[in-house]
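Reading the structure
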Number of protein chains: 2
Amino acid sequence: MFQLPDNELIIALRHILGDAHVLTSDLEPYGSDYTEDFYFPPAIVVVPADALQISEVLALCNSRNIPVYTRGAGTGLSGGALPVLPGVVLLTKRLNRILQIDLDNFQAIVEPGVINEDFRNAVEELGLFYPPDPASKGSCSLGGNIAHGSGGPKAVKYGTTRDYVLNLEVVLPDGNIIWTGANTVKNSTGLNLTQLMVGSEGLLGVVTKIVFRLIAKPKFDQLFLIPFAEAEDAAKTVNEVLLSGVTPSSLELMESSGVDISSKATQTPFPMRKDATFYMLLELDGDDAAKLFEDAERLLPVLEKCGALDVLHADSADLKEQWWKVRRSIGETVKSASVYKEEDTVVPRAALPELLKAVKEIGTRYGFDSVCYGHAGDGNLHVNILKNNLSDEAWQQDVPKGIREIFEVCKRLGGTISGEHGVGLVQAEYLDIVFSESHMKLMRGIKNTFDPKKILNPGKWL
Amino acid sequence: MFQLPDNELIIALRHILGDAHVLTSDLEPYGSDYTEDFYFPPAIVVVPADALQISEVLALCNSRNIPVYTRGAGTGLSGGALPVLPGVVLLTKRLNRILQIDLDNFQAIVEPGVINEDFRNAVEELGLFYPPDPASKGSCSLGGNIAHGSGGPKAVKYGTTRDYVLNLEVVLPDGNIIWTGANTVKNSTGLNLTQLMVGSEGLLGVVTKIVFRLIAKPKFDQLFLIPFAEAEDAAKTVNEVLLSGVTPSSLELMESSGVDISSKATQTPFPMRKDATFYMLLELDGDDAAKLFEDAERLLPVLEKCGALDVLHADSADLKEQWWKVRRSIGETVKSASVYKEEDTVVPRAALPELLKAVKEIGTRYGFDSVCYGHAGDGNLHVNILKNNLSDEAWQQDVPKGIREIFEVCKRLGGTISGEHGVGLVQAEYLDIVFSESHMKLMRGIKNTFDPKKILNPGKWL
């Protein structure tokens, strides 16, 4: 059904974009992302400059039945952008301008290729705040954040990418360009295509402009590190903290094995304790410095009651940066240490102890080690399953059965199989756990409406 | 294409629901809602008890090509639930249970027929808070709030209905029942059907259970009333307040003519001033009583600079209730005073002065009076256009042209034609202002996916 890219296509693309922006060699970097060991090198990479060029490229590929894979910064954790069929990889990196930061309306208009942290820094300089900060914030693009509905440590207080998107400019596969909504916080006009695009993983259209709402930058933050001897105590503490009436701006859990690997691999000091199995990072923020310490005082007895071994305060910017660096680097450093599979489990937060217990029990039964860490305040736990000494057979045959059991637990607890990484390639085989055939049919129908020739991101789950 | 309801259908419906829950006489009350003077009495009204019965009713009507109009409490302001074609009106009022309030996860599971205020009160008794409170909160249903993505005065700080919906149980026209998401704040699994359902106006399915997230109840609130001599000053003040760093929990504007009508019609005392053309209601809330007064102190010079004639404080619960009652009653009392059309304009908040000026200028040009009021902190301004002494011809021919001009201004300013009332019947003829044919095609395709025989809410805009 799809056509193979050929010379004629390359000529036509060069005509639209100029020779320099149609790449046909040294394309290996575009064949993988941050997901496991996947590798699917593309046939052609195009680097358009704007929505109009993207419109022409899509219309061309649509008319010729050529697959198109939109790619941001390539930091995805589910393989969502990988070109599994021969086609065109469309890079958004030249759409990298912050077009407007509107201080009157607390809004910004940006292009999808802007790096998350660059945007955060730009608005913070003006006293505003864009909260979503995935671990890859220094390298991931805002367009990728939209594609996967990315979260990050601040979601417990501030929500995810989704909560800041007001309006999107989208190029459809037929080349038409629409704005999905309006630049307003309230909008009850028509079906909500804006939120339908967020998390749609490049399957429905190509986002070319994003209107974000922003909030005022909190003036102060304080970071605390709390070691626990027992996994279950650490997990239970999450809910006790939130029920105390204090909502931290981050509430992260990290298994000590992951902390150890991250700290060593990044050569970052970290106050490891032999008797700790889990560490909690707890950040408070707000405009009233005294109130943050009052809140911390209020939390102390809660933490003690829950079995905290200690409560350490980051009393310098260096210490804050060190602890966050260790947290943010767990994913990549653990993955460097072994062949792995990463699952992005999510449950209602009070079910976290039960989920964690189930993960370990299932691991024991199937014989795999796991390192757990993540955004515990949202019930979002990343489970890195390590191959270590497992046989290839066990890794390929048995471990997926264990993963299926973990996801079934998530579903039973009211959760689902991806909190912020998306379905991509990794979660695709488990979708039947959470979606009935009737549900899948609706999603396929929506896909068909946007992309009747299925040229966008084909070979994935929709 | 549609079949007319007949005796055979009534017998089949009675078989599913029992005789008492299939009504065929005295159906006038179901022919109108709170929108203008629309009246479309239905042929049959059914009152199912649960999702399974609704599934059977929809499957039956779907197989027989019978229109189905889902109706909550009938307080809609766009005519969205009105049965414009002969068919079945499906009442949700027996699905009226609060099934669970989960104090661990700050979530609740409710049925769609629960009245907004009943739900708010139930969670507040447990120390939790469900912010969205439309003016009709005492009578509107949560299912109706979902259908229109309802807002209300608290949206400026807390967002709208949409921001509290985690997961929905939905019966599809073919009788299949799905859950759209998971009971988690984070979810990147599949296309976001939850947010697609919110605001879909009964066109895609029938919501039978809602999972809401809740927040902790703020302990204190303070209400201030600020009269202005000049409309433009009042409108400008909205943004100055928000830029001062204080985010009120409500920031409402009311034109004095509306306040006067409402106060008199409800026999509620209100400190009217002859020199005031607009009044602002400004509510602050939070957990720190002292901080609220500090914030108020901080706002005083801002308000004075902007031309406030006075700043009155509601120093008793009675006074608070009186001022809110006058605010909430403007809509219905103004409408009782004249034939009217109500528009639900919304723009980025800083554009409010320009919108207000345009509304008055357009009114002058077309010869109509208007009463403006609404949720100014969100840029959401309700414009009640009064017939008063206009001829029927001018009312029917000219006024819609004026409305079109107002909506075109909204669009030009980055806004849209409905902030919280929905499209329904009222906004349908103006959709071309905000949606291209390409955009409409996508929405039609989604409709077709969910409801291929178009039995849900036919005769409306999709």
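Just so it is clear, the model here is predicted, and its values are computed rather than measured.

A word on the packing of helix α7 (residues 231-243) of chain A against helix α11 (residues 352-366) of chain A
Residue and element names in this part refer to chain A.
- Two elements in contact, α7 and α11, have axes whose closest approach is 8 Å; the angle formed by their N-to-C orientations is 150°. Classified by the angle between their axes, α7 and α11 sit roughly antiparallel to one another. The two elements α7 and α11 meet at a crossing, and its hand is right-handed. Taken together, the residues of α11 that come into contact with α7 (itself represented by Ala-231, Glu-232, Ala-235, Lys-236 and Val-238) are Leu-352, Pro-353, Leu-356 and Lys-357.
- Within the contact of α7 with α11, the residues separate by chemical class into six nonpolar, no polar and three charged.

Topic: the state of the cysteines
Residue and element names in this part refer to chain A.
- Inspection of the entire model under this criterion finds zero disulfides over all chains.
- Residue Cys-372 stays outside any disulfide, its sulfur separated by 11 Å from that of Cys-410, the closest cysteine.
- Taking relative accessible area as the criterion, Cys-372 reaches 0% and is therefore assigned buried.

Some thoughts on helix α12 (residues 392-412) of chain B
Residue and element names in this part refer to chain B.
- Helix length check: α12 (21 residues) gives 30 Å between terminal C-alpha atoms against 30 Å at 1.5 Å per residue, within 8%.
- Regarding α12, the residues found buried are Ala-394, Trp-395, Val-399, Pro-400, Gly-402, Ile-403, Ile-406, Phe-407, Val-409 and Cys-410.
- Residues of α12 that are buried sit in contact with β16 (340-346), α11 (352-366) and β18 (380-386).
- Just downstream of α12 lies Gly-414, where phi reads positive at about 95°.

Considerations on the interface of chain A and chain B
- In this assembly, 70 residues from chain A lie in contact with 70 residues from chain B.
- Buried surface at the junction of chain A and chain B, both sides included, amounts to about 5,300 Å², of which 61% is carbon and sulfur.
- For the chain A face of the interface with chain B, the top three residues by lost area are Lys186(A), Ser188(A) and Leu191(A), together amounting to 16%.
- There are four salt bridges connecting chain A and chain B.
- Asp378(B) serves as the salt-bridge partner of Lys186(A), at 3.3 Å between the closest nitrogen and oxygen.
- Taken together, chain A and chain B are joined by 36 residue pairs in polar contact (both at pLDDT 80 or more).
- Among the elements of the structure, β9 (177-179), α6 (193-197), α7, α13 (431-434) and α14 (437-450) of chain A are those that each provide at least two residues to the side of chain A that touches chain B.
- The dominant element in the side of chain A that touches chain B, judged by the number of residues it contributes, is α14(A), at nine residues.
- Class assignment of the residues belonging to the side of chain A that touches chain B gives a composition of 28 nonpolar, 34 polar and eight charged.

Observations regarding the sheet that holds β9(A)
Residue and element names in this part refer to chain A.
- In spatial order, the strands read β5-β6-β10-β8-β9; together these five strands make up an open sheet with antiparallel pairing. Since the sheet does not close on itself, it has two edges, and those belong to β5 (98-102) and β9, each with one partner. Averaged over all adjacent pairs, the angle separating strand axes in this sheet is 10°, with direction ignored.
- Across four bridges, the pairing between strand β6 (residues 107-110) and strand β10 (residues 206-213) is antiparallel. In the sheet register, Gln-107 faces β10, and the bridge partner there is Arg-213.
- Running over the sheet, helix α3 (residues 116-125) touches β5, β6 and β10 and is turned about 35° from β5.

Structural notes on the pairing of strand β17 (residues 369-375) of chain A
All names here are of chain A.
- A large share of β17 lies buried, amounting to six of its seven residues.
- In the sheet, strand β13 (residues 250-255) pairs with β17 via two bridges, with the strands oriented antiparallel. Its bridge partner lying in β17, Leu-253 is registered against Gly-374.
- Both β17 and strand β18 (residues 380-386) contribute to a ladder of seven bridges, which runs antiparallel. Bridge pairing in β18 links Val-371 to Asn-384.
- Between the antiparallel neighbours β17 and β18 lie four residues, among them Gly-379 with a positive phi of about 70°.

Some points on the relation of the copies chain A and chain B
- Its rotation angle being 180°, the transformation that places chain A on chain B also includes 0.0 Å of axial translation and leaves an RMSD of 0.0 Å. The transformation relating the two chain copies, once decomposed into turn and shift, fits a two-fold axis. Relative to the rotation axis, the closest C-alpha in chain A is found at Ile446(A), a distance of 2.8 Å.
- When the interface residues of chain A are mapped onto chain B, 100% of them are again interface residues, pointing to one common binding face.

Some thoughts on the pattern of salt bridges
All names here are of chain A.
- For the coordinates displayed, the defined rule picks out 56 salt bridges over all chains.
- Residue Lys-305 is joined to Glu-240 by a salt bridge in which the shortest nitrogen-to-oxygen separation is 3.9 Å. Placement of the pair is Lys-305 in helix α9 (residues 289-305) and Glu-240 in helix α7, with a sequence separation of 65 residues.
- Taking the relative accessible area as the measure of exposure, Glu-240 reaches 31% and is therefore partly exposed.

Observations concerning empty space enclosed by the protein
Residue and element names in this part refer to chain B.
- For the coordinates displayed, the defined rule picks out one cavity of 30 Å³ or more.
- Considering only enclosed or pocket space, the largest cavity measures out at about 30 Å³ in volume.
- Along its surface, the largest cavity is lined by Tyr-34, Thr-35, Glu-36, Leu-77, Lys-335, Tyr-340, Glu-342 and Val-426.
- Of the residues in the lining of the largest cavity, the class split is four nonpolar, one polar and three charged.
- Two domains each donate at least three residues to the lining of the largest cavity, and these are domain 1 (7-93) and domain 4 (338-453).

Description of the packing of aromatic side chains
- The final tally for this structure, using the stated rule, is 16 aromatic pairs over all chains.
- Judged by centre distance (5.3 Å) and plane angle (85°), the ring pair of Phe270(A) and Tyr279(A) falls under edge-to-face.
- Overall, the relative accessible area of 11% leaves Phe270(A) in the buried class.
- Summarising the aromatic geometry, the rings of Phe407(A) and Tyr430(A) are spaced 5.1 Å apart at their centres and angled 75° between planes, so their arrangement reads as edge-to-face. Here the residue Phe407(A) occupies a position in helix α12 (residues 392-412), and Tyr430(A) occupies one in the loop between α12 and α13, the gap between them amounting to 23 residues.
- Tyr430(A) gets classed as buried once you look at its relative accessible area, which sits at 3%.
- Taken together, Phe119(A), Tyr130(A), Tyr164(A) and Phe212(A) form an aromatic cluster joined through their ring pairs.
- For the cation-ring pair, Arg349(A) lies above Phe106(B), with the distance from its terminal atom to the ring centre recorded as 4.7 Å.

Comments concerning helix α3 (residues 116-124) of chain B
All names here are of chain B.
- Among the residues of α3, those classed as buried are Asn-116, Phe-119, Arg-120 and Val-123. Down the axis of α3, the sector holding all buried residues measures 100°, keeping them to one side.
- Summarising the contacts, the buried residues of α3 are in contact with β5 (98-102), β6 (107-110), β7 (128-129), α4 (142-148) and β10 (206-213).

The rules behind each value
- Residues numbered from 1 in each chain as written.
- Chains lettered and ligands numbered in written order.
- Predicted model: local features only at pLDDT ≥ 70, side-chain atom pairs only at ≥ 80, totals over all residues.
- Heavy atoms only, no water.
- Axes fitted to C-alpha atoms, helices over the stretch in contact; angles between N-to-C directions.
- Helix = DSSP H or I, 4+ residues; strand = E, 2+ residues; numbered from the N terminus.
- Parallel < 35°, antiparallel > 145°, perpendicular 65-115°, else oblique.
- Left-handed = near helix turned anticlockwise from the far one by under 90°.
- Contact = heavy atoms within 4.5 Å.
- Nonpolar A, V, L, I, M, F, W, Y, C, P; charged D, E, K, R; others polar.
- Disulfide = S-S within 2.5 Å.
- Buried < 20%, exposed > 50% of the residue type's maximum accessible area, 1.4 Å probe, protein only.
- Expected span 1.5 Å × (residues − 1).
- Buried area = accessible area lost by both parts, 1.4 Å probe.
- Salt bridge = Lys/Arg side-chain N within 4 Å of Asp/Glu carboxyl O.
- Polar contact = N/O pair within 3.5 Å; in protein donor to acceptor, adjacent residues only side chain to side chain.
- Pairing = 2+ DSSP bridges.
- Least-squares fit on C-alpha atoms with pLDDT ≥ 70 in both.
- 1 Å grid on protein atoms, 1.4 Å probe; cavity = no way out; pocket = protein on both sides within 12 Å on 5 of 7 lines; lining within 4 Å.
- Points joined across faces, edges and corners; volume = space filled by probe spheres on them.
- Domains from an automatic or database assignment.
- Phe/Tyr/Trp six-rings, centres within 6.5 Å; stacked < 30°, edge-to-face > 60°.
- Lys NZ or Arg CZ within 6 Å of the ring centre and 35° of its normal.
- Arc of directions from axis to C-beta.

Read these as layout, nothing more, since geometry by itself doesn't imply function.
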